[in-house]
Amino acid sequence: MTRHSLSLLLRNEPGALARIVVLFSSRGVDVSSLSLAPDGSGALSRLDVVVDLQPGRTPEQLVKQLGRIVDVKSVVDRTHDEALELGA
Amino acid sequence: MDTTGAGALVKALEDVGCEVIFGMPGGAILPAYDPLFESKIRHVLVRHEQGAGHAAQGYAQTTGRVGVCMATSGPGATNLVTPLADAYMDSVPIVAITGQVARSVIGTDAFQEADIRSITLPITKHSFQVHDPADIPRVIAEAFALAVSGRPGPVLVDLPKDVLATATTYTPPKLVLPSRPVVPPVQVRNAAQLIGSSKRPVFYVGGGVIRSGAAPELLKLAEKTGIPVVTTLMARGAFPDSHRLHLGMPGMHGTVPAVAALQRADLLIALGTRFDDRVTGLLPEFAPHAAVVHADIDPAEISKNRKADVGIVGDCRDVIAALSAVLTRRTDLTAWWSYLDGLRATYPLGYDWPADGALAPQYVIERISTLAGPESVYTAGVGQHQMWAAQYVKYERPGSFINSGGAGTMGFAVPAAMGAQVGAPDRTVWAIDGDGCFQMTNQELATCAAEGIPVKVAIINNGNLGMVRQWQTLFYDGRYSNTGLGTHQRHPDFVKLADALGCVGLRCDSRSEVDGTILEAMAVRDRPVVVDFVVGQDAQVWPMVAAGTGNDEIMAARGIRPLFDEVE
Ligand SMILES: Cc1ncc(C[n+]2csc(CCOP(=O)(O)OP(=O)(O)O)c2C)c(N)n1
Ligand SMILES: [Mg+2]
């Protein structure tokens, strides 16, 4: 398992969160923490999530799969930033 | 207020160019059926909603347009789950319209309530539930655009009954198709460089080439470069079978030269394909010496199963055209071709006749192909007959073979043929079906009979769930647990069943009658025809790469492993 932090911007549409969570469960992604908050504009929400990936699965792949969801406006892998913030 | 939600739905469907809907009414969707009654859209009343979904898939694949199916809430909607999953796996553009219980009772376990949006989340590109009738035209246009753009796929539109019944003002929708991604020139140059320096390249062609309408460009590029071509199950017809550069289908039941081309290649040029396990076999042993150029419209496919050295996100038509423009030098592939031609000569597709004098299923399919020709459309169920339909029908044009590749859905053939025939009324449509598969969806022949949709069905009646039986023969010591269907004992009698469904029923069990029976079936134009081809139960699909093994272990026939022996 490898750990990654992803940050997503979602359209505030019914079912948007469900779509993302179902993608995690369909693709065997373990969610270790998840937080959803309005991003201020009203039309979008920000989702921060920390996930564990099975060996052989890459975060790039997951980012692209999340990117296919119509309600997802952007996805970034912040694993590296966070590691920097923590001084790692 | 000039209409209702239902009126807006039907008008919007007309305005986005929908010409046919396959569906079945019921409580929640009933308001939509009223304006449909006088619409110019044809509605084909199916006998099971699964048939509506597969028919929409068949229609989409013969016409290149969006297929539409419609069902009521609850069980009507859940009956669409299998075709939605199938369309998702095979990237088929369909829109499913479902009725839903009224907004006020959603979430109360109301009569015929099922949360179809949640149920189908992992098997749709997107889904909508509309809460304001004024939104219906926009949502229909968006659903159509989503279904066909990028990587095509299924989209669901769920409509609560009261939204359909509420008065609204119609605003004509604008169908806005997103522009195709610009093919990155750097990647194209890198790909061209790899192609230019490779000694053993191969075009590994998938269904994306058919979806994007890139077959003519592929033909030009292949002829320009002289590079061998293999076409996957989903790509049969993307490149003419009669062409000297074509080595056939790769994969679990692929030809020896096609599998060898991938295994021995130093470069795979993968176009609109997804390195499915049925093609790669054991992934670590797949194409071990090859660099990979992978072009696909879906960025999530690139490097998913096999790392691409050059990934190109783009529509296959654009990518192939871009490659054609930069590839000027033709490399010398003489040694590569002499190796592949050697395999082609030594291991052509072939079969033995059953020792007990029974009819060979492969022969039946070969004759249908010869007599019906490449202008016909062929559909298949799932099993041995499907693999023989992929191997022994000679495809010359894209869209002429429609089958369930990714999902492997038994029962696909008959309803898909129905949809294909509606989409291509002037073509002959043959469903090559299994005796097991046929029993899952044959009720749609009543639809075909009632609606004047004259499909032809060849039941390859081997008395068994043949593909499962083949695995039992090979991997379970011939212990045939629950694979006999009793169809050789006429449970059911397919000729009588055909007759009862309003079709012509024919039977054939000997070689000398095969051509005559096929011609008799082809002569019927006013009704569907079912031919019960009674064939031997022990015919097997060869070649075969056993599941969980590497492609080098391909068996041309039982015990014959040409590539493995070559390695030693
Ligand atoms: C809906 C569904 N159920 C079960 C299977 C598993 N399965 C794959 S092939 C097959 C046998 C199909 O039998 P038949 O239609 O007679 O075709 P044959 O292999 O004999 O040509 C079965 C049961 C499947 N693919 N789809
Ligand atoms: Mg069978």
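Residues numbered from 1 in each chain as written. Chains lettered and ligands numbered in written order. Predicted model: local features only at pLDDT ≥ 70, side-chain atom pairs only at ≥ 80, totals over all residues. Heavy atoms only, no water.

For chain B, an unreviewed UniProt entry supplies the name Acetolactate synthase and the organism Lentzea fradiae. In its Sequence similarities (unreviewed entry) section, UniProt records this for chain B: "Belongs to the TPP enzyme family." Looking at chain B in UniProt, the text filed under Catalytic activity (unreviewed entry) is "2 pyruvate + H(+) = (2S)-2-acetolactate + CO2". (UniProt positions renumbered as here; feature names shortened; annotations may be inferred.)

If you check an unreviewed UniProt entry, chain A appears there as acetolactate synthase from Lentzea fradiae. Annotation of chain A in UniProt includes, under Catalytic activity (unreviewed entry), the sentence "2 pyruvate + H(+) = (2S)-2-acetolactate + CO2". Among the UniProt annotations of chain A, the heading Subunit (unreviewed entry) holds the following wording: "Dimer of large and small chains."

Brief notes about unusual backbone geometry
Residues and elements named next belong to chain B. With an omega dihedral of 0°, the bond running from histidine 491 to proline 492 counts as a cis peptide bond. Residue placement: proline 492 occurs in the loop between helix H21 (466-475) and helix H22 (494-500). Between tryptophan 542 and the following residue, proline 543, the backbone shows a cis peptide bond with an omega angle of -5°. Positive phi is not limited to glycine here, since serine 91 has a value of about 55°. (Helix = DSSP H or I, 4+ residues; strand = E, 2+ residues; numbered from the N terminus.)

Comments concerning the sheet that holds strand S19 (residues 529-534) of chain B
Residues and elements named next belong to chain B. Within the open sheet, the 6 strands sit side by side as S15-S14-S16-S17-S19-S18. Their pairing is parallel. Two strands bound the open sheet, and with one partner strand each, they are strand S15 (401-402) and strand S18 (504-508). With 2 bridges connecting them, strand S14 (residues 377-380) and S15 associate as parallel partners. In the strand pairing of S15, threonine 379 is matched with isoleucine 402. (Pairing = 2+ DSSP bridges.)

So, the site of ligand 1
Residue and element names in this part refer to chain B. Close to ligand 1 lie 16 residues; Gln384, His385, Asp435, Cys437 and Gly466 are nearest. The separation between an oxygen atom of ligand 1 and a polar side-chain atom of histidine 385 is 2.8 Å. Here ligand 1 loses 75% of its free accessible area of 590 Å² to cover by the protein chains. Every element with two or more residues in the shell around ligand 1 is listed here: helix H17 (384-392), helix H19 (435-441) and H21. (Near = heavy atom within 4 Å. Polar contact = N/O pair within 3.5 Å; in protein donor to acceptor, adjacent residues only side chain to side chain. Areas by Shrake-Rupley, 256 points an atom, 1.4 Å probe, with all protein chains shown as cover.)

What to know about the UniProt feature "domain: Thiamine pyrophosphate enzyme central" (unreviewed entry) in chain B
When the UniProt feature table is mapped onto this chain, "domain: Thiamine pyrophosphate enzyme central" (unreviewed entry) is found at residues 188-323 of chain B. What you have in residues 188-323 of chain B is 35% helix and 17% strand, and the ends, taken at the C-alpha atoms, are 6 Å apart.

Thoughts on the sheet that holds strand S5 (residues 94-100) of chain B
The strands making up a sheet associate through backbone hydrogen bonding, with each pair oriented either parallel or antiparallel. Residues and elements named next belong to chain B. The sheet built from 6 strands is open, its strands ordered S3-S2-S4-S5-S7-S6 with parallel pairing. Lying at the two open borders of the sheet, with one neighbouring strand each, are strand S3 (42-45) and strand S6 (126-129). Strand-to-strand, the axes of this sheet are offset by a mean angle of 20°, without reference to chain direction. Inspection of the sheet shows strand S2 (residues 20-23) paired to strand S4 (residues 67-71) by 2 bridges, in the parallel sense. Each bridged residue has a counterpart across the sheet, and for phenylalanine 22 the counterpart in S4 is cysteine 69. Contacts from helix H7 (residues 136-148) reach S4, S5, S6 and strand S7 (154-160) within the one sheet, and its direction differs from that of S7 by about 165°. (Axes fitted to C-alpha atoms, helices over the stretch in contact; angles between N-to-C directions. Contact = heavy atoms within 4.5 Å.)

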